Amino acid sequence: MSSVIATTAIRGRFLDIQNTVAQARDIHDQVRYVEDGLVIIHEGKIQWFGPWREGHSRLPTDLELQHYPDQLIVPGFIDTHIHFPQTEMVGAYGEQLLEWLNTYTFPTEIQFQDASYSEKIAEFFVQELLKNGTTTALVFCTVHPESVDALFNAATTRNMRLIAGKVLMDRHAPEALTDTAETAYIDSKALIEKWHGQGRNLYAITPRFAPTSTPEQLQKAGQLKAEYPDVYVHTHLSENKNEIAWVKELFPEREGYLDVYHHYGLTGSKSVFAHCVHLEDEEWDCMHQTDSAIAFCPTSNLFLGSGLFPLKKTWDKGVKVGLGTDIGAGTSFNQLQTLNEAYKVQQLQGEKLSAFEALYHATLGGAKALSLDDRLGNFNIGKEADFVVLNLNATALQQLRQSRAKNIEDAFFALTMLGDDRNIAATYVYGAAVYVKAAASE
Ligand code: GUN
Ligand code: ZN
């Protein structure tokens with residue numbers, strides 16, 4: 001792990017969400033906007049946060065203060081579903097889920113049996129996350145343990161909190177991408193022992209989705225989860241109508257798609273299911289009862305033509321939800337872009353996604369979905385100091401629009417509609433600036 005500078009401090013404009021009460025979609029009263037604020041960081045954690053006028057006398061005289069007078073500082077973005085090996089195949093033309101997997105995804109993922117290839121893409125991937133202000137992500141690797149080592153090594157050098165795991169897949173995929181029920185268990189167990197809780201790294205048991213695992217493999221995955229209840233489960237669920245029909249054919253003995261995972265002990269408060277576009281009512285109930293979480297991936301759902309995710313239902317049903325880019329089916333690493341499309345997905349269903357709810361999903365809501373809200377998601381004292389410095393005026397059009405912004409809510413809304421990686425001025429991980437944008441815009 002790279003060294004952590006003992007105490008640093010940052011002055012600027014801060015915006016975060018303090019908390020939410022489940023089922024309260026209007027989170028205005030939880031918004032905290034400190035126009036001239038100060039955060040003091042000690043050994044990677046927030047030691048003090050509040051208005052500058054109340055905090056500046058606490059600063060040690062020899063401490064170097066970073067001041068961002070014109071920017072907006074928000075908690076680091078949290079991406080609750082992304083595939084690092086699919087970085088290079090983002091934007092692959094023309095197919096929906098099942099054909100897209102066979103045509104583009106599987107051939108791409110085969111390359112990750114080569115450790116040096118894995119390392120090269122892992123480095124690129126982690127840099128790309130940071131360049132987009134994403135400080136924590138829940139990540140699919142490939143079936144190859146080498147891919148997991150590569151990713152956790154890249155995260156470790158930057159002190160970054162990542163959750164990741166080896167894909168489990170023992171059928172309906174090319175030979176070079178399959179394991180067995182037994183090797184999936186053995187390899188995952190070794191990786192859990194090696195990485196879970198090492199530095200900021202956390203492990204997720206990662207069956208790709210029900211169609212590519214035999215019942216024997218899912219049973220082994222459940223056994224592993226029972227042995228390591230603290231690790232995560234990360235998979236896909238109810239993304240595409242043909243996929244759902246296929247699961248019903250493959251598992252006729254189960255009541256539905258989610259019941260396949262539930263039956264094998266794979267639901268729970270540390271289980272994250274990507275997509276959930278077409279859940280049945282009983283499945284929403286099961287998600288709630290088991291405290292399982294959803295990763296909402298709007299750019300992916302639109303790109304693959306999967307459907308419109310009913311975000312409002314997560315509030316109505318009391319189900320945790322985070323925001324996912326789902327690279328490479330998703331089309332951007334950037335959470336501002338992802339929020340842009342999340343907004344439009346709601347518009348198409350006659351619903352509004354407010355700017356503050358959007359900020360919530362990209363930060364504290366994501367932390368809650370990952371059961372990390374005791375450590376991440378806002379500027380509360382004691383939390384880990386991961387945050388993003390946003391330049392609201394990265395282009396001439398943004399400058400014009402921001403000059404007309406009515407208030408901070410409108411300014412943040414406009415940022416989510418117009419913004420992308422050009423707006424990320426700096427990214428801090430565990431109190432250290434791990435990405436700083438070069439002066440000239442690209
Ligand atoms: N379902 C199973 N595998 C995948 C994948 O790689 N991407 C997406 N979007 N859905 C999946
Ligand atoms: Zn995915």
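Calculation criteria
- Residues numbered from 1 in each chain as written.
- Chains lettered and ligands numbered in written order.
- Predicted model: local features only at pLDDT ≥ 70, side-chain atom pairs only at ≥ 80, totals over all residues.
- Heavy atoms only, no water.
- UniProt positions renumbered as here; feature names shortened; annotations may be inferred.
- Donors = N, O, S within 2.8 Å, 3.2 Å for Na, K, Ca; no water.
- Tetrahedral: all angles 85-135°; square planar, octahedral: opposite > 155°, others 65-115°.
- Helix = DSSP H or I, 4+ residues; strand = E, 2+ residues; numbered from the N terminus.
- Buried < 20%, exposed > 50% of the residue type's maximum accessible area, 1.4 Å probe, protein only.
- Near = heavy atom within 4 Å.
- Polar contact = N/O pair within 3.5 Å; in protein donor to acceptor, adjacent residues only side chain to side chain.
- Areas by Shrake-Rupley, 256 points an atom, 1.4 Å probe, with all protein chains shown as cover.
- Nonpolar A, V, L, I, M, F, W, Y, C, P; charged D, E, K, R; others polar.
- Disulfide = S-S within 2.5 Å.

- The chain has the name Guanine deaminase in an unreviewed UniProt entry, where Acinetobacter lwoffii NCTC 5866 = CIP 64.10 = NIPH 512 is given as its organism.
- Among the UniProt annotations of the chain, the heading Pathway (unreviewed entry) holds the following wording: "Purine metabolism; guanine degradation; xanthine from guanine: step 1/1."
- The UniProt entry for the chain carries this comment under Function (unreviewed entry): "Catalyzes the hydrolytic deamination of guanine, producing xanthine and ammonia."

### Remarks on the coordination of the zinc ion (ligand 2)
- At 2.0 to 2.3 Å from the zinc ion (ligand 2) lie its protein donor atoms, namely His81 (NE2), His83 (NE2), His236 (NE2) and Asp326 (OD).
- Around the zinc ion (ligand 2) sit four donor atoms, and with donor-metal-donor angles ranging over 88 to 171 degrees the site reads as irregular.
- Each donor residue of the zinc ion (ligand 2) belongs to the same chain, and together they define the spacing H-x1-H-x152-H-x89-D. Placement of His81 in strand β5 (residues 77–83) and of His236 in strand β10 (residues 232–237) is noted, with a sequence separation of 155 residues between them.
- Residue classification places His81 among the buried residues on the basis of a relative accessible area of 0%.
- The exposure class assigned to His236 is buried, which follows from its relative accessible area of 6%.

### Concerning the site of ligand 1
- Lining the immediate surroundings of ligand 1 are His83, Gln86, Leu97, Trp100, Leu101, Arg208, Phe209, His236, Glu239, His275, Asp326 and Ala329.
- Glu239 places a polar side-chain atom, nitrogen or oxygen, 2.7 Å from a nitrogen atom of ligand 1.
- With respect to ligand 1, the side chain of His275 contributes an N or O atom lying 3.5 Å from a nitrogen atom.
- For ligand 1, whose free accessible area comes to 280 Å², the fraction covered by protein is 100%.
- At three residues, the largest contribution of residues to the shell around ligand 1 is made by helix α2 (residues 97–110).
- Tallied by class, the residues present in the shell around ligand 1 amount to five nonpolar, four polar and three charged.

### Thoughts on the state of the cysteines
- Taken as a whole and assessed by the stated rule, the structure comprises zero disulfides.
- Cysteine Cys286 remains unbridged, with the sulfur of Cys276 as its closest cysteine sulfur at 11 Å.
- We classify Cys286 as buried; its relative accessible area is 13%.
- Here Cys297 is not cross-linked by a disulfide; its sulfur's nearest cysteine counterpart is in Cys276, at 9.2 Å.
- On the basis of relative accessible area, Cys297 is assigned to the buried category, the value being 0%.

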